[in-house]
Amino acid sequence: PLTLPSKWGWKVTAGLLGTALVASVGVAIFEGKPWELRRPVMHTVALEGIPLQIDLPTSFKAVAPREREGVRFFRWERFGEDGLDVLLAVAPRRSDMTEEEWLTRSEASVNVGNDVVLVDKPQIRTLNGRRVVTFSTRQPGSALLRRVTLGLVGSSQVRFETVAADEVLTDAWKALEHSLYFGIRETGG
């Protein structure tokens, strides 16, 4: 015959399971929805006013785009000022330069200013078959690292940046940064 635990046994078991549940919810809140950080769900976002689109995690919140001197600026936030932001500046491609000339000039013209430290110096690289210029900067005393990728996408010059506090990002998000850049592409029409 089946014997059930005493009342005391059920209470101890329920207490342990309740404590585990409260602890897991606490960790989820403290970590900022970790289920979204492990496998981000992606969607395609059309860039207003230009013939480009980008694939971004659905957890990113768009900030209103702006324009200055013919350059369109886009921004998406994941954690606000404490975490991951994606910044994108797009301008028409210069027709008077080849891609290699543009990359060489872009690499040479990186100027970070006095209040920023160059972490990785600019270099021309081939990533996923695209020629790009990459570099990283950090403000002194800041935990935020700015990773920059410059490249040409169709008829546009693109400056793609991720701004992140390394300690809050999982390896999955770090690996996602370059794939976000490669999710920038021309629209069909």
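Keep in mind that this is a model prediction, so the values were computed, not measured.

Caption draft 1: Looking closely at the packing of aromatic side chains. According to the stated counting rule, one finds 3 aromatic pairs in the structure shown. Through a chain of ring-to-ring contacts, three or more aromatic side chains come together here, namely F160, Y181 and F182. Sitting above the plane of the F73 ring, R66 keeps its charged end 4.7 Å from the centroid.

Caption draft 2: How the structure looks around the nonpolar core. In this structure, W76, L88, V158, F160 and I184 are the most contacted members of the largest nonpolar core, which totals 24 residues. Listed by contribution, the elements that provide at least two residues to this core are β2 (52–57), β4 (71–77), β5 (85–92), β9 (156–165) and α4 (171–182). Per-element tally for this core: the top contributor is α4, with 4 residues. Setting aside chain neighbours within four positions, we find F160 in contact with I54, V86, L87, L88, R147, V148, T149, E177, L180, Y181 and I184. Of all hydrophobic cores here, the second largest spans 8 residues; its members include M97, W102, V148 and L150.

Caption draft 3: Broad picture of the pattern of salt bridges. Evaluation of the coordinates by the stated rule reveals 10 salt bridges. In this structure, E161 engages R146 in a salt bridge whose closest nitrogen and oxygen atoms are separated by 2.3 Å. On the criterion of sequence distance, the pair formed by E161 in strand β9 and R146 in strand β8 (residues 144–153) is long-range, its members being 15 residues apart. When its relative accessible area of 8% is taken as the criterion, E161 is described as buried. Of the residues examined, R146 reaches a relative accessible area of 31% and is grouped as partly exposed. The salt bridge partner of R159 is E161, with a shortest N-O separation of 2.4 Å. A residue is classified by how much of its surface remains accessible, and R159, at 32% relative accessible area, is partly exposed. Residues participating in the shared-partner salt-bridge network are K61, R75, E77 and D85.

Parameters and conventions
- Residues take numbers from 1 onward in each chain, read along the sequence in its written order.
- Residue-level local features of this predicted model are given only where pLDDT is at least 70; pairs of side-chain atoms are given and counted only at 80 or more, and the full residue set underlies all totals for whole chains, interfaces and linings.
- Excluding hydrogens and water, the side-chain figures rest on all heavy atoms present in the structure.
- Side-chain rings of Phe, Tyr and Trp (the six-membered ring for Trp) are treated as a pair once their centres are within 6.5 Å; stacked means planes under 30 degrees apart, edge-to-face means over 60, and tilted covers the remaining angles.
- In our convention, an over-ring charge means Lys NZ or Arg CZ found within 6 Å of a ring centre and within 35 degrees of that ring's normal.
- Buried Ala, Val, Leu, Ile, Met, Phe, Trp, Tyr and Cys residues form a nonpolar core when they are joined through side-chain atoms within 4.5 Å.
- For every residue, the accessible area (1.4 Å probe, protein chains only) is compared with the maximum for its type, and the residue is labelled buried under 20%, exposed over 50%, or partly exposed between those bounds.
- Numbering of helices and strands runs from the N terminus; a helix is a DSSP stretch of H or I covering at least four residues, while a strand is a stretch of E covering at least two.
- For this analysis, residues touch if any pair of their heavy atoms sits within 4.5 Å.
- For this analysis, a salt bridge means a side-chain nitrogen from Lys or Arg found within 4 Å of a carboxyl oxygen belonging to Asp or Glu.

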